[in-house]
Amino acid sequence: MATTRIPALRNLLGRRQPFRLPNPQRRWAQVHDVRFVATTQASRNVTEKYREKLDRKAREEGLRDIGELKEAYKDRIQELRKKDSVSVPGLDALLADEAAPTPQAQARPSDGLSQPPPPPPRPQSAGPGKTTSTIKPLSEILDLPKARALPEKELSAIWRLRHASSPNSLCAVIPASTYTSLEATARQHPSFVLPVPRGEGVGAEIHYLQWVFDRESQTATVLFTQLAEYKARGEWAQPHTSVTHYWDGGLAEKPGVVLMAGSVVEGRGASVQDARWLVMLLQRFYGGEGTGGGDAGKRKLLEEFGRGDGGFSVERLLEESEKLG
């Protein structure tokens, strides 16, 4: 997954103290100190792995230790990081150890934080008659002419039966009007964060989501990744869950639905139950905002996160998410 930097994520991870809600504690009164989990382990492992080579390089440069070597190459390191990354307003503030940027600072064109996230890279042409999309279109999954002739109840049953054999699968049949609202919001806010509760006195775990639209297969895929995983591995972070929405004009017209299917990868820190919770939250945050309706509190959080607004807070995110329970 491409490296992204969002002004509202860096602020959440970068603060010196973990986020805690005021007493008395509510059900999700604490958030895991993701910054600690994400930064110390990976950084220490990399340094230890190459300590001998770094020590030798420092001596060759006439420097005392690795600390001086890092300082000497600080500008070069930053230059390479900027070259290999893209900016997404919101995530930078959660991922860096610095104060949240003010709205005035973000308005400056030179800060590199006010630009919207770039679209996914376009696949290279594969030549006539060849497909370049890595996502299988719905026409290769279902017999669409027959599917379009089915009533909604029968189509829903077939779609769910198709995915019933895998315990890690997710599927849904979404009203076309609901999906239209989801997509409209997602195109305005293609990335966000959502919490997963871990029980009273334990806290909540933050997960980062990204929407990816593929014109060729007419799909919209949402990738969910633990924020701690993203912090630790950057562009090499592995999503634990992906859900794909398959758009077909015929199905959207009659019986008026959009099909969704996804899967959870074992061993990446999320269960199927966690994934279902995240998908439900996704629908609540994205469902009504795209058409101008929905909950004003959720809409404000989406907008603040997208702008990298310093006003975005995990506490309000938890409060809005808690309403689903």
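Residues numbered from 1 in each chain as written. Predicted model: local features only at pLDDT ≥ 70, side-chain atom pairs only at ≥ 80, totals over all residues. Heavy atoms only, no water.

### What to know about the packing of helix H13 (residues 272–286) against helix H14 (residues 296–307)
Then comes step 1: At a minimum axis distance of 8 Å, the contact between H13 and H14 shows a crossing angle of 95°. Relative to H14, the element H13 is oriented roughly perpendicular. Across the interface between the two elements, Arg 284, Phe 285 and Tyr 286 of H13 pack against Lys 298, Leu 301 and Leu 302 of H14.
Then comes step 2: Of the residues contributing to the contact of H13 with H14, the split by class is four nonpolar, no polar and two charged. (Axes fitted to C-alpha atoms, helices over the stretch in contact; angles between N-to-C directions. Helix = DSSP H or I, 4+ residues; strand = E, 2+ residues; numbered from the N terminus. Parallel < 35°, antiparallel > 145°, perpendicular 65-115°, else oblique. Contact = heavy atoms within 4.5 Å. Nonpolar A, V, L, I, M, F, W, Y, C, P; charged D, E, K, R; others polar.)

### With respect to the pattern of salt bridges
Think of it this way: side chains of opposite charge can pair up when their charged atoms draw near.
Then comes step 1: Inspection of every chain in the model, using the stated rule, returns 11 salt bridges.
Then comes step 2: Among the salt bridges present, the one from Lys 57 reaches Glu 61, with a minimum N-O distance of 3.1 Å.
Then comes step 3: Using a relative accessible area of 33% as the deciding quantity, one classes Lys 57 as partly exposed.
Then comes step 4: Overall, the relative accessible area of 38% leaves Glu 61 in the partly exposed class.
Then comes step 5: For Arg 233, the salt bridge identified is with Glu 229, shortest N-O distance 3.3 Å. Linking Arg 233 with Glu 229, this pair stays in helix H11 (residues 227–233), spanning four residues, or about one helical turn.
Then comes step 6: Taken together, the shared-partner salt bridges connect Arg 198, Glu 205 and Asp 274 into one network. (Salt bridge = Lys/Arg side-chain N within 4 Å of Asp/Glu carboxyl O. Buried < 20%, exposed > 50% of the residue type's maximum accessible area, 1.4 Å probe, protein only.)

### Things to note about the packing of helix H10 (residues 176–188) against H13
Then comes step 1: Taken N-terminus to C-terminus, the directions of H10 and H13 make an angle of 80°; their axes are 9 Å apart at the nearest point. When the interaxial angle is binned, H10 and H13 end up roughly perpendicular. Together, Ser 181, Leu 182, Thr 185 and Ala 186 of H10 and Leu 282, Gln 283 and Tyr 286 of H13 make up the contact between the two elements.

### Structural notes on the sheet that holds strand E3 (residues 169–175)
Then comes step 1: As summarised here, the arrangement of the six strands in space is E3-E8-E7-E6-E5-E4, forming an open sheet in which the pairing is antiparallel. Two strands bound the open sheet, and with one partner strand each, they are E3 and strand E4 (191–197). Averaged over all pairs of adjacent strands, the angle between strand axes in this sheet comes to 20°, irrespective of strand direction.
Then comes step 2: As paired elements, E3 and strand E8 (residues 257–264) share seven bridges and run antiparallel to each other. Paired with Pro 175 across the strands is Val 257, a residue of E8. (Pairing = 2+ DSSP bridges.)

### Things to note about H14
Then comes step 1: An ideal rise of 1.5 Å per residue puts 16 Å on 12 residues; H14 measures up with 16 Å between its terminal C-alpha atoms.
Then comes step 2: If you check which residues of H14 are buried, you get Lys 298, Leu 301, Leu 302, Glu 304 and Phe 305.
Then comes step 3: Looking one or two residues past H14, Gly 308 carries a phi angle of roughly 75°, positive in sign. (Expected span 1.5 Å × (residues − 1).)

### Notes on the nonpolar core
Then comes step 1: Formed by 41 residues in total, the largest nonpolar core has its most connected members in Phe 192, Leu 194, Leu 209, Phe 224 and Tyr 286.
Then comes step 2: Here this core gets nine residues from one element, more than from any other, and that element is H13.
Then comes step 3: Excluding residues that lie within four positions of it along the chain, Leu 209 makes contacts with Pro 190, Ser 191, Phe 192, Leu 194, Val 222, Leu 223, Phe 224, Leu 282 and Tyr 286.
Then comes step 4: Within the second largest apolar cluster, 13 residues are counted, among which are Leu 138, Tyr 246, Val 257 and Ala 261. (Core = buried A, V, L, I, M, F, W, Y, C linked by side-chain atoms within 4.5 Å.)

### As for the pairing of strand E7 (residues 241–246)
Then comes step 1: Counting buried positions along E7 yields five of six residues, so the element is predominantly enclosed.
Then comes step 2: Pairing between strand E6 (residues 219–226) and E7: six bridges, direction antiparallel. Residue pairing in the sheet places Leu 223 in a bridge with Ser 242 of E7.
Then comes step 3: Inspection of the sheet shows E7 paired to E8 by six bridges, in the antiparallel sense.

### Some remarks on the environment of Pro 175
Then comes step 1: Along the chain, the position of Pro 175 falls in strand E3.
Then comes step 2: A relative accessible area of 39% places Pro 175 in the partly exposed class.
Then comes step 3: Sequence separation between Pro 175 and Gly 256 is 81 residues, and the spatial gap between their C-alpha atoms is 6.1 Å.
Then comes step 4: If we ignore the near neighbours within four places in the chain, the residues touching Pro 175 are Gly 256 and Val 257.

### With respect to the packing of aromatic side chains
Then comes step 1: Summed over the entire model, instances satisfying the criterion amount to nine aromatic pairs.
Then comes step 2: Ring geometry for Trp 211 against Phe 213: centres 6.0 Å apart, planes inclined by 15°, an arrangement best described as stacked.
Then comes step 3: On the accessibility criterion, Trp 211 (5% relative accessible area) is buried.
Then comes step 4: Through pairs of rings, three or more aromatic residues link up here, namely Phe 192, Phe 285, Phe 305 and Phe 312.
Then comes step 5: Across from the ring centre of Phe 213, 4.0 Å away, lies the NZ or CZ of Arg 187, which sits over that ring. (Phe/Tyr/Trp six-rings, centres within 6.5 Å; stacked < 30°, edge-to-face > 60°. Lys NZ or Arg CZ within 6 Å of the ring centre and 35° of its normal.)

Any link to function would need more than the numbers given here.
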